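# Survey of secondary and tertiary structure
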Amino acid sequence: MNSRGRTDRDQLTLFIQLVLDSLTYLRSQGCLTEPRSIRVFKEAQTGFDSIYLRQLSQQLGDAVALEFPGLLHVLPVEPVPKGRTVLLECADLIAGGMQRRALRKGTNPKDRLAEAVTNVTGFEDA
């Protein structure tokens, strides 16, 4: 991603796409079989959240309504401070482990943790 220009807007778009892809995967696995509301959390970012959080919630809600009509309703996205939510920290650990495994092939403790994350989650390198 280009480090100049509209990186916040790119981040907003990528976040929405990540949620849509995750929900599409859950539907393909038979996990979304009845109407429900979903709550999305993200790591708090003061500048981004003050400008884009409302827009993120609106666009995410619109995109989910188009992709999953009558099935899912998105509640407003909730920013959570780093280190305050166990599930957010677990997601961060999984993402960090996957990134480290993709970019490095070392043997220090972080690399061993990345290997453990891959083994536990079953995520493939691809």
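Below is a short write-up of the structure.

Conventions adopted
Residues numbered from 1 in each chain as written. Predicted model: local features only at pLDDT ≥ 70, side-chain atom pairs only at ≥ 80, totals over all residues. Heavy atoms only, no water. Helix = DSSP H or I, 4+ residues; strand = E, 2+ residues; numbered from the N terminus. Expected span 1.5 Å × (residues − 1). Buried < 20%, exposed > 50% of the residue type's maximum accessible area, 1.4 Å probe, protein only. Arc of directions from axis to C-beta. Contact = heavy atoms within 4.5 Å.

This brings us to helix α1 (residues 7-28). Here α1 spans 31 Å end to end across 22 residues, near enough to the 32 Å set by a 1.5 Å rise per residue. Taken as a whole, α1 has its buried residues at L12, F15, I16, V19, L20 and L23. Viewed along the axis of α1, the buried residues span an arc of 125°, placing them on a single side of the element. Summarising the geometry of α1, the exposed residues directed more than 90 degrees from the buried face are L14, L18, Y25 and S28. Against the buried residues of α1 lie β1 (36-38), β2 (41-43), α2 (46-67) and β3 (72-74). Two residues or fewer after α1 comes G30, characterised by a positive phi angle close to 80°.

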